[in-house]
Amino acid sequence: MTLTGKHLISGEWMGGDATFRSDPAHGSAHEFAVGTPALVDRACEAAEEAFLDYGWSSRDDRAAFLNSVADEIEARGDAITEVGSQETGLPEARLQGERGRTTGQLRLFAKHILEGDYRDLRHDAALPDRKPLPRPDLKMIQRPIGPVAVFGASNFPLAFSTAGGDTAAALAAGCPVVVKGHSAHPGTGEIVAQAIDSAIRKSGVHPGVFSLIQGGRRDVGTALVRHPLIRAVGFTGSLAGGRALFDLCAGRPDPIPFFGELGSVNPMFLLPEAVKARGREIGAGWAGSLTMGAGQFCTNPGIAVVLPGAEGFVEATKAALGNVESQTMLTDGIADAYCRGVARVSEGATELLGAACEGREARPYLFTMTARNWLSSHAMQEEVFGPLGIVVTAEDTAEMAEVARSIQGQLTCTLHMDAGDTEVAQTLMPLLERKAGRLLVNAFPTGVEVSDAMVHGGPYPASTNFGATSVGTLSIRRFLRPVCYQNVPDSLLPESN
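The notes below deal with the structure included here. What you are looking at is a predicted structure, and each value in this text was computed from that prediction instead of being measured. (Residues numbered from 1 in each chain as written. Predicted model: local features only at pLDDT ≥ 70, side-chain atom pairs only at ≥ 80, totals over all residues. Heavy atoms only, no water.)

### Notes on the packing of helix H3 (residues 77-88) against helix H4 (residues 92-115)
At a closest axis distance of 9 Å, the pairing of H3 and H4 adopts a crossing angle of 130°. One element, H3, and the other, H4, form an angle in the oblique class. The crossing of H3 and H4 is right-handed. Along its contact with H3, which presents Gly 77, Ile 80, Thr 81, Gly 84 and Ser 85, the element H4 presents Glu 92, Leu 95, Gln 96 and Arg 99. (Axes fitted to C-alpha atoms, helices over the stretch in contact; angles between N-to-C directions. Helix = DSSP H or I, 4+ residues; strand = E, 2+ residues; numbered from the N terminus. Parallel < 35°, antiparallel > 145°, perpendicular 65-115°, else oblique. Left-handed = near helix turned anticlockwise from the far one by under 90°. Contact = heavy atoms within 4.5 Å.)

Following this line, the structure appears as structure tokens:
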């Protein structure tokens with residue numbers, strides 16, 4: 001595929017006077033046009049125009065469009081892998097797997113909307129003879145909310161970016177999408193946008209249903225979030241960036257929902273019988289999960305809470321981490337942030353394993369501290385985006401429960417347990433259920449299944465809306481709202497949607 005370096009605005013590839021250069025991990029850099037508030041306005045106006053048609057389109061037509069987007073992405077698979085690997089430094093196998101997840105999401109949503117259950121249809125038939133007052137005919141249908149803004153993620157150039165989960169869910173719901181591309185992988189974003197553009201032309205949907213705006217400073221993101229035609233925002237990224245956008249959404253004259261997935265340390269609680277029976281095995285598994293993708297996963301399990309007697313677990317973790325080679329991080333900025341996180345943790349914890357940070361390369365770090373010190377240091381709950389783990393040792397199960405009670409909102413919490421740990425686990429479950437969107441037993445949270453039952457979200461700061469998920473078919477509900485139709489004839493109802 002040829003990179004144009006342009007934005008896609010309602011079916012038109014548009015350049016601009018200002019440009020920026022990509023900063024690839026290897027290979028050639030490319031020039032890309034810089035986004036502007038004027039382009040945002042044009043894209044949002046087109047999205048609103050498209051919504052009047054696309055929002056009332058049939059489920060069959062939307063499903064066919066989603067499947068067409070998946071087909072077009074697959075047709076460009078080699079180009080996506082080549083450019084994506086250059087821009088991010090991610091291995092080809094990882095990008096190929098992520099591409100499969102991306103097209104799989106699109107096809108899953110196509111199937112989901114054809115089944116129709118997401119509409120949550122409800123009907124209270126008219127009771128004209130009811131006393132003292134008759135009841136009107138009432139029908140309720142979940143309906144699309146309108147144009148949605150999506151911010152591409154740095155760590156998932158495909159599955160959480162241009163045609164990722166937020167975009168797929170919004171398009172499935174009947175909502176046009178305006179994507180603010182991430183500057184870490186603009187070439188990957190453009191090729192995926194080319195695929196969507198081709199699917200739009202083949203499917204005959206309104207071109208305003210999708211736009212991609214590359215680059216740009218904060219004024220572009222601000223203009224997109226505050227644009228009066230945008231009805232919701234999807235975001236995956238840092239706590240600071242997400243909170244700033246959340247505040248912008250709340251501060252609008254007409255506040256809109258902000259669905260942000262922001263940060264999580266994903267604590268694991270290792271119970272004594274499990275540690276006694278297989279502590280070394282768990283330690284080796286933790287090391288693998290901790291360093292997967294250079295630790296650049298939002299479900300990276302950065303905290304392991306143990307009780308006295310976990311020396312074998314710690315030794316096995318340290319040995320396994322010591323065998324991990326340096327890994328290229330997604331951007332220089334992420335690598336710098338990782339080094340700053342290492343320095344912050346080192347001020348309050350004891351280092352067991354580490355190496356000096358060098359450029360864009362990351363090596364794993366392992367720290368240890370007491371639960372008492374961890375409980376007194378709020379900074380230790382802040383996510384370090386990278387392969388860094390902290391072993392937190394509690395004096396007893398009561399202090400372990402205190403740790404569970406004190407943690408902030410998380411995407412995941414994990415219990416490693418055997419049958420003899422059931423009683424302790426039962427005391428922890430009510431605490432952990434309030435903290436996370438996904439609870440695991442004897443597994444590691446890296447790797448998020450895209451399915452009907454998955455929840456990828458949690459109480460703040462894991463996400464800004466604890467009642468939503470950004471992965472799985474339930475995520476479509478973020479971009480729908482219930483509408484009640486009273487005495488409306490069937491000829492006017494969007495029944496086919």
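### Some details on the nonpolar core
Counting 47 residues, the largest nonpolar core has Phe 65, Phe 210 and Phe 479 as its most contacted members. Broken down by secondary-structure element, the contributors of at least two residues to this core are helix H2 (59-75), H3, H4, strand S7 (148-151), helix H5 (165-173), strand S8 (177-180), helix H6 (186-203) and strand S9 (210-213). Take this core: its biggest share by element is seven residues, from H6. Excluding residues within four positions of it along the chain, Phe 65 makes contact with Tyr 54, Leu 171, Ile 196, Ala 199, Ile 200, Ser 203, Val 205 and Val 209. (Core = buried A, V, L, I, M, F, W, Y, C linked by side-chain atoms within 4.5 Å. Buried < 20%, exposed > 50% of the residue type's maximum accessible area, 1.4 Å probe, protein only.)

### Quick notes on the sheet that holds strand S10 (residues 232-236)
Overall, mixed pairing links the seven strands, which are arranged S2-S1-S9-S8-S7-S10-S11 in an open sheet. Edge positions in the open sheet fall to strand S2 (12-14) and strand S11 (258-261), since each of these has one partner strand only. The sheet shows a mean angle of 20° between the axes of neighbouring strands, direction not considered. Examined bridge by bridge, S8 and S9 share four bridges and lie parallel to one another. Bridge pairing links Val 178 to Ser 211 in S9. Packed onto the sheet, H5 meets S7, S8 and S10 and runs at close to 170° relative to S8. (Pairing = 2+ DSSP bridges.)

### Considering the side chain of His 227
For His 227, the position within the fold is in the loop between helix H7 (218-226) and S10. Other than its neighbours up to four places away in sequence, His 227 contacts Val 40, Asp 41, Cys 44 and Arg 252.

### Focus on the sheet that holds strand S21 (residues 480-486)
Ordered in space as S5-S6-S21, the three strands form an open sheet in which the pairing is antiparallel. Where the open sheet ends on each side, the last strands, each with one partner, are strand S5 (122-124) and S21. Put simply, the sheet's adjacent strands are angled 25° from each other on average, direction ignored. Bridge count between strand S6 (residues 138-144) and S21: seven bridges; the pairing is antiparallel.

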